[in-house]
Amino acid sequence: MAAGGTAESVLGSILSHLECSICHTRYQEPKMLDCSHSFCLRCIQELKQSQQPDDGKITCPLCQRQTILPEGGVAKLNKNYTLMSLVDEVSKQEQILKGAETEGPAVVVCQACDEENEATVQCTDCEQFLCQYCLKAHQRWAALRNHKIITLLNRRDVPQTEMKTIIKNCGDHPSQKLCFYCTTCEQLICNKCLVSGHNAPMHTCVEVHVAFDVFLQEARETNTEMGQFYTHVSRDREYSRSRLSRMLSITSRDISSEAASKIAHIRGQEMRLLQEANAAYRKKDRRLAEVILAQQTLKKTEAGKITDEDRLEILKLRQDLLSEYKDLNEKTRNEVNSHLSFTACKEECNKVELGTLNLEENWELVKEFELNGSSIATFSSGNIAMTCGTRGLTFLGLNDQEEYTIHESKDTHLLKSPTDMAVTMDDVLFVANYNGVINIFNKGYQFIQQFNACEESHINATPVCLAVDDSELLAVGYKGMDRISLHTLDGSLIRTVHAPMIANHLVISNKRLTYTNSDKKKLMSLDYHGNSIFTVDSFQNSAPRGLCCDKAGDFIVIAYCRRKGLNNSVYQIHRYSAEGRYIDTLVKDVGNRTRIANISDGKIVVTGDSQTQIYHRI
């Protein structure tokens, strides 16, 4: 009994974890929410009715996190098969312990029939206890003849090594184990499913281990066919999952932002219509009041009993009321009866659409301009700033029709051979010049102030690249000096750091200074104190040029790729992870473009060789 008592204590400690926190009884058809909390199906259905039955969401009573219900509602939520298996296994062990407390051999009930006959054997493949009648039926099936059968003289005498680990139970028959695979329906089934809905010749069913062997062979063949995919993706599967999670957060934020924008627009329309309705009401009500007063005044003159006060009032209101009454013709009287008493809202058929989910990433060229830029930067409005040699600043302004117009800054004379530019999140523009001066422009492209980065940092060199972060930090790179100077946005020097092989392209992302060197074929990243984070030097037949960052923290790099024959060399747009791993190629040929910038998530601009192009993710 000591051993039995130990088993009972173990079961007792497990039972508390198998109770639904809503009904406080053992789980029945447990369903799992997105927060990983599980509840009985009936409990979730009742919970949904107590919240908002028609909003398509349910709030977890434990952590308050919302779950978007699938099509079909609560019943289509994922089943918690692990809990179902545990509940079934604990119930089985309770039955065994109950039999162990009685004298003589333990009594175990058959699991294949509903007659509660005593089980005499166990099929270790199906993990079912069978009575003598069900054993005969079990052995008549050709597919089950090779299953291992154990005689139950005493259930406690069965070696534990011969018992299988937990196998998930059937969703339609919770007491039955999943021991077959229907290749026709492509799903796991139990014995009852095999007899009731998956019988031959309409269905082809095989044992689980046979189906697994077939699947394993298919997986190996697929692995061979998709070797390149595994090389680029499988080795970075943890990164891919992390990026997918970040993209979900970004997408969720974008959806909510778009919805808030549409709601704000609708609220604006609501206020406008309410104001128009109130104004129309006041106008028509005043007109009706004037008509009524005119009629009352005329009745006073027709009654014959006019006092001195009435005469004074009539003469006083004659111009405003009596003249109005005289002007009433037949049309106006009809208007009084219909139009003056009518106000309604005319419904519009325009649908409010938030957009659709984009589950595959492809990029295409959407706009092209005969305009060359030696440096480029973008504003939150979608506008684009460019410089080229001594030409100064050129802007591509985006209007409400998603069309760009080209105009130049009036303060071009302030620039001295600009080399690079950067824009803060508040749309303040910084432009670096060959003489070391950094010019600052506001969001209206008007000059604000300037400072000399070379003098501030005591570096006698030309600033060739520029970058800003979201926390008011400006980075200036000096080619040939292997230095980056860090400044506040007013130009005050913070520090200088050693930046080996820095060239013409620099970005700040995740508190890192990342830059390329096309001659050395390197992509390098440092922290704000100059400590190396990563170096990518495996470009082989390509050389990295311009780069920018997307919302997920990945680097978008223009790479000059040499292929067989000089005529086949092209510029491509590659993507690298925040850790410097190559992910994929976004665009295979962008012409001779060396500068790149993000316009928004899903839209980038590249420039060089007399043309500027905008690519859009589709």
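Each residue is numbered by its place in its chain's sequence as written, counting from 1. Where local features are concerned, this predicted model is filtered to residues with pLDDT of at least 70; where side-chain atom pairs are given and counted, the filter is 80 or more; whole-chain, interface and lining totals use all residues. Only hydrogens and water are set aside; all other atoms, that is, all heavy atoms of the structure, feed into the side-chain values.

As annotated in an unreviewed UniProt entry, the protein chain is E3 ubiquitin-protein ligase TRIM56 from Patiria miniata.

Topic: the overall build of the protein chain
To keep it simple, the criterion reads: Helix numbers and strand numbers start at the N terminus; a helix is a DSSP run of H or I with at least 4 residues, a strand a run of E with at least 2. A 1.4 Å probe rolled over the protein chains alone gives each residue an accessible area, and that area as a share of the maximum for its type sets the label: buried under 20%, exposed over 50%, partly exposed in between. Note on definitions: a residue-residue contact is assigned when non-hydrogen atoms from the two residues lie within 4.5 Å. Each accessible area is a Shrake-Rupley estimate made with a 1.4 Å probe; only the visible protein chains count as cover when residues are assessed.
A tally of regular secondary structure across the protein chain gives 11 helices and 34 strands. Buried positions account for 39% of the 618 residues belonging to the protein chain. Within the protein chain, contacts between residues separated by at least 24 positions form 43% of all contacts whose residues are at least 6 apart in sequence. In the structure as shown, the protein chain presents an accessible area of about 36400 Å², 50% of it carried by carbon and sulfur atoms.

Details of the state of the cysteines
Heads up, the condition is: Any pair of cysteine sulfurs within 2.5 Å is marked as a disulfide.
A complete count under the given rule lists 0 disulfides for this structure. Of all cysteine sulfurs, the one in Cys-182 lies closest to Cys-185, which takes part in no disulfide; the gap is 3.7 Å. The exposure class assigned to Cys-185 is partly exposed, which follows from its relative accessible area of 33%.

What about the sheet that holds strand E27 (residues 532-536)?
Rule in force here: By the convention used here, strands pair only if DSSP detects at least 2 bridges between them. Orientation is described by axes fitted as lines to C-alpha atoms, over the contacting stretch for helices, and by angles from 0 to 180 degrees between their N-to-C directions.
In spatial order, the strands read E24-E25-E26-E27; together these 4 strands make up an open sheet with antiparallel pairing. Whereas interior strands pair on both sides, the edge strands pair on one side only; in this sheet they are strand E24 (505-509) and E27. Going across the sheet, the axis of each strand differs from the next one's by a mean of 15°, ignoring polarity. Examined bridge by bridge, strand E25 (residues 512-517) and strand E26 (residues 522-526) share 5 bridges and lie antiparallel to one another. Of the residues in E26, the one forming a bridge with Thr-514 is Ser-525.

Notes on the side chain of Thr-67
To be explicit about the condition: We call two N or O atoms a polar contact when they sit within 3.5 Å, provided that within protein one can donate a hydrogen and the other can accept it, with sequence-adjacent residues counted only if both atoms are side-chain atoms.
When you line up the elements, Thr-67 lands in strand E4 (residues 66-68). Separated by 3.1 Å, the side chain of Thr-67 and the backbone nitrogen of Asp-34 make a polar contact. Leaving out residues up to four positions away in the same chain, Thr-67 has contacts with Leu-33, Asp-34, Cys-35, Gly-56, Lys-57, Ile-58 and Leu-77.

Brief notes about the side chain of Thr-394
Mapping Thr-394 onto the fold places it in strand E14 (residues 393-398). On the accessibility criterion, Thr-394 (2% relative accessible area) is buried. Apart from the residues within four sequence positions on either side, Thr-394 is in contact with Leu-371, Ile-384, Ala-385, Met-386, Ile-406, His-407 and Glu-408.

Structural notes on a nonpolar patch on the surface
Basically, it comes down to this: Exposure above 30% relative accessible area and the absence of a salt bridge qualify a residue for a patch, where like charges join within 9 Å and nonpolar side chains (Val, Leu, Ile, Met, Phe, Trp, Tyr) within 5 Å. Whenever a carboxyl oxygen of Asp or Glu lies within 4 Å of a side-chain nitrogen of Lys or Arg, that contact is scored as a salt bridge.
Residues Ile-255, Leu-354 and Leu-357 make up a contiguous nonpolar surface patch of about 290 Å² in total accessible area. By the element assignment, Leu-357 lies in the loop between helix H10 (330-337) and strand E11 (363-369). Classification of Leu-357 as exposed rests on a relative accessible area of 60%.

Brief notes about the sheet that holds strand E12 (residues 375-378)
Here we have 4 strands laid out as an open sheet, ordered E12-E13-E14-E15, and antiparallel in their pairing. At either margin of the open sheet sits one strand with a lone partner, and together these are E12 and strand E15 (404-408). Across this sheet, the average inter-strand angle for adjacent strands is 20°, counted without regard to direction.

Focus on the packing of aromatic side chains
Let me state the cut-off plainly: Classification of ring pairs rests on two measures: the distance between centres of Phe, Tyr or Trp rings, Trp counted by its six-membered ring, which must be within 6.5 Å, and the angle between planes, read as stacked under 30 degrees, edge-to-face over 60 and tilted in between.
Evaluated as defined, the whole model comprises 8 aromatic pairs. Both rings, one in Phe-441 and one in Phe-447, keep their centres 5.9 Å apart while their planes meet at 75°; by these two values the pair is edge-to-face. One aromatic cluster in this structure is built from Phe-379, Phe-395 and Tyr-445.

Overview of empty space enclosed by the protein
Where we set the bar: The way it works is a 1 Å grid over only the protein atoms, where trapped points that fit a 1.4 Å probe form a cavity and open points with protein on both sides within 12 Å along at least five of seven lines form a pocket, and then any residue with an atom within 4 Å of a point lines it. Grid points are joined across faces, edges and corners, and a volume is the space filled by probe spheres set on the points. Lys, Arg, Asp and Glu make up the charged group, whereas Ala, Val, Leu, Ile, Met, Phe, Trp, Tyr, Cys and Pro make up the nonpolar group; the residues left over, Gly among them, are polar.
A full pass over the atoms with the stated rule returns 1 cavity of 30 Å³ or more. As a volume, the largest cavity reaches approximately 70 Å³. In this structure, the largest cavity is lined by 13 residues; those nearest its centre are Trp-363, Asp-550, Ile-556, Asn-598 and Arg-617. Elements supplying a minimum of two residues to the lining of the largest cavity: strand E32 (595-600) and strand E33 (603-608). Taken together, the residues of the lining of the largest cavity break down into 4 nonpolar, 3 polar and 6 charged.

Remarks on the UniProt feature "domain: B box-type" (unreviewed entry) in the protein chain
Worth spelling out the cut-off: UniProt positions are given in the numbering used here, feature names are shortened, and annotations may be inferred rather than shown by experiment.
UniProt records the feature "domain: B box-type" (unreviewed entry) for residues 105-152 and 170-208 in the present numbering. Between the C-alpha atoms that bound residues 170-208 there is a distance of 13 Å. The span itself is 18% helix and 23% strand.

With respect to the layout of surface pockets
There is about 1200 Å³ of room inside the second largest pocket. In terms of lining residues, the second largest pocket is bounded by 41 residues, among which Val-423, Val-468, Asp-470, Cys-549 and Asn-598 are the most central. Sorting the residues of the lining of the second largest pocket by element identifies E12, strand E16 (418-423), strand E20 (463-468), E24, strand E28 (542-549) and E32 as the ones contributing at least two each. Considering every element that reaches the lining of the second largest pocket, the biggest residue donor is E32, with 6 residues. For the lining of the second largest pocket, a count of residues per class yields 20 nonpolar, 12 polar and 9 charged.

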